[in-house]
2 protein chains.
Amino acid sequence: MTANPPTGDELVGVLSAMANPIRLRILATLAGGRDYVSHLAREIGVSRPLLHMHLQRLEAVGLVVGSLELSDDGKAMKYFEVADFVLHLTPSVVAAAATTLTPSDPEKGPAPKEHS
Amino acid sequence: MTANPPTGDELVGVLSAMANPIRLRILATLAGGRDYVSHLAREIGVSRPLLHMHLQRLEAVGLVVGSLELSDDGKAMKYFEVADFVLHLTPSVVAAAATTLTPSDPEKGPAPKEHS
DNA sequence: TTCAGGTGCAAGAAATGACTGACAGGTGAA
DNA sequence: TTCACCTGTCAGTCATTTCTTGCACCTGAA
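Residues numbered from 1 in each chain as written. Chains lettered and ligands numbered in written order. Predicted model: local features only at pLDDT ≥ 70, side-chain atom pairs only at ≥ 80, totals over all residues.

> Could you clarify how one ought to interpret the protein's contact with DNA strand C in this entry?
Around DNA strand C, the surrounding shell holds 21 residues, and the nearest of these are Val37, Ser38 and Pro49 of chain A together with Pro49 and Gly74 of chain B. For the surface near DNA strand C, the secondary-structure elements that each account for two or more residues are helix 3 (37-44), helix 4 (48-60) and strand 3 (76-82) of chain A together with helix 4 (48-60) of chain B. By residue class, the composition of the surface near DNA strand C is 10 nonpolar, 6 polar and 5 charged. (Near = placed C-beta within 6 Å. Helix = DSSP H or I, 4+ residues; strand = E, 2+ residues; numbered from the N terminus. Nonpolar A, V, L, I, M, F, W, Y, C, P; charged D, E, K, R; others polar.)

> It is not clear to me how the protein's contact with DNA strand D should be interpreted in this structure. Could you clarify?
Near DNA strand D, the surroundings consist of 22 residues, among which Pro49 and Gly74 of chain A together with Val37, Ser38 and Pro49 of chain B are the closest. Breaking the surface near DNA strand D down by element, the ones donating at least two residues are helix 4 of chain A together with helix 3 (37-44), helix 4 and strand 3 (76-82) of chain B. Looking at the surface near DNA strand D, the element that brings in the most residues is helix 4 of chain A, giving 4 residues. A per-class count over the surface near DNA strand D returns 10 nonpolar, 6 polar and 6 charged.

> What am I meant to see in the sheet that holds strand 3 of chain B here?
Whenever strands of a sheet pair, they do so through backbone hydrogen bonds, lying parallel or antiparallel. All names here are of chain B. One open sheet holds the 3 strands; their spatial order is 1-3-2, and the pairing between them is antiparallel. Single-partner strands in this sheet number two, and they are strand 1 (35-36) and strand 2 (64-70). The pairing of strand 1 with strand 3 spans 2 bridges and is classified as antiparallel. Paired with Tyr36 across the two strands is Tyr79, which belongs to strand 3. Contacting strand 2 and strand 3, helix 4 crosses the sheet at an angle of about 120° to strand 2. (Pairing = 2+ DSSP bridges. Contact = placed C-beta atoms within 7 Å. Axes fitted to C-alpha atoms, helices over the stretch in contact; angles between N-to-C directions.)

> Would you mind showing me how to read the relation of the copies chain A and chain B here?
The pair of chain copies shares a relation made of a rotation about an axis and a shift along it. In the superposition of chain A on chain B (RMSD 0.1 Å, axial shift 0.0 Å), the rotation amounts to 180°. Those values place the two copies in the arrangement expected of a two-fold rotation axis. Every residue of chain A has its C-alpha some distance from the rotation axis, and the shortest such distance is that of His88 of chain A, at 2.3 Å. Most of the interface of chain A is mirrored in chain B, where 97% of its interface residues again form contacts. (Least-squares fit on C-alpha atoms with pLDDT ≥ 70 in both.)

> Help me understand the interface of chain A and chain B in this model?
Accessible area lost when the parts come together is the quantity often used to give the size of an interface. The partner chain B presents 30 residues to the 30 residues of chain A that form the contact. For the side of chain A that touches chain B, the elements supplying multiple residues, two or more each, are helix 1 (8-18), helix 2 (21-31), strand 4 (87-89) and helix 5 (91-98) of chain A. Residues belonging to the side of chain A that touches chain B are distributed by class as follows: 21 nonpolar, 7 polar and 2 charged. Of the strand pairs in this sheet, strand 4 of chain A and strand 4 (residues 87-89) of chain B are connected by 3 bridges, and their pairing is antiparallel. Looking at the pairing, Leu89 of chain A lines up with Leu87 of chain B of strand 4 of chain B.

> What is the right way to read the pairing of strand 2 (residues 64-70) of chain A from this model?
Side chains on a regular strand alternate between the two faces of the sheet. Residues and elements named next belong to chain A. Pairing analysis gives 7 bridges linking strand 2 to strand 3, with the strands arranged antiparallel. Bridging across to strand 3, Glu69 finds its partner in Met77. The hairpin formed by strand 2 and strand 3 contains 5 residues between the paired strands, and Gly74 there has a positive phi angle of roughly 80°.

> Please clarify how the packing of helix 3 of chain A against helix 4 of chain A should be interpreted in this entry.
Describing two packed helices takes the angle between their axes plus the distance from one axis to the other. Residue and element names in this part refer to chain A. Interhelical geometry of helix 3 versus helix 4 gives an angle of 105° and a closest axis separation of 9 Å. One finds that helix 3 runs roughly perpendicular with respect to helix 4. For the pair formed by helix 3 and helix 4, the contact residues are Val37, Ser38, Leu40, Ala41 and Ile44 on the first element and Arg48, Leu51, His52 and Leu55 on the second. (Parallel < 35°, antiparallel > 145°, perpendicular 65-115°, else oblique.)

> Teacher, can you tell me more about the sheet that holds strand 2 of chain A here?
Residues and elements named next belong to chain A. Read from one edge to the other, the open sheet built from 3 strands follows the order 1-3-2, with strand pairing classed as antiparallel. Two strands close off the open sheet at either side, each with one partner strand: strand 1 (35-36) and strand 2. Packed onto the sheet, helix 4 meets strand 2 and strand 3 and runs at close to 120° relative to strand 2.

Spelled out as structure tokens, the structure:
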């Protein structure tokens, strides 16, 4: 996994996903073993909805993967674990990735907005 | 340069500095050779004040270095070039870095401000 | 039924980031 | 003087992220 080299847009996505102390802590904690949302929230010390949002962001770019499972006592638990990514960043890698960035055309249309 | 492994806070800084299409393009362009602000702005296609802001951000985390020089005809030119950084990111590297993150203590004091 | 513990989602405040336009200063050449 | 370059910065606006609060849903155990 973790296509190397990444496209420019993917790179921006992954970088902004990691560029946050809470999300870094999430990755670090999960690197020590999988965990489910509520417990992870207590572990890191953030509210559950907040953690949920961060996990969503990390999952969207493939840095973590979640799976809904059923515990012994029938509770639905969502477990997350880290994807073992490898990102090797150097000026030349960045230069290569930048060539595949979607242009920001301020002319035609307001932007490639993806509204739902 | 480019201390490896980085501290958690440094890592967040570097990552958020790179997590932007324009700044990625700046790095990519500079990887092809040094350049001065105005020319670089035309090259990339952004306004000069905007580029100035982005360069500031990149320089703050050490991804680029700038030097004010005097051209043959006496004009002051600020040249920038990329620092040849090497960032190797994996779950374990992130886990190690995360241990050195400044805690977010919303209680005691506003934060460990580091003033110069 | 009530409680504890798990899941998810959404509205809205607060903080941060991105961007434009305008201004001020410097030089050399026409 | 005026023009064409270069440098910088500030005020204000708009868009995006971040975070809290609160709701609705599920299960098994008391």
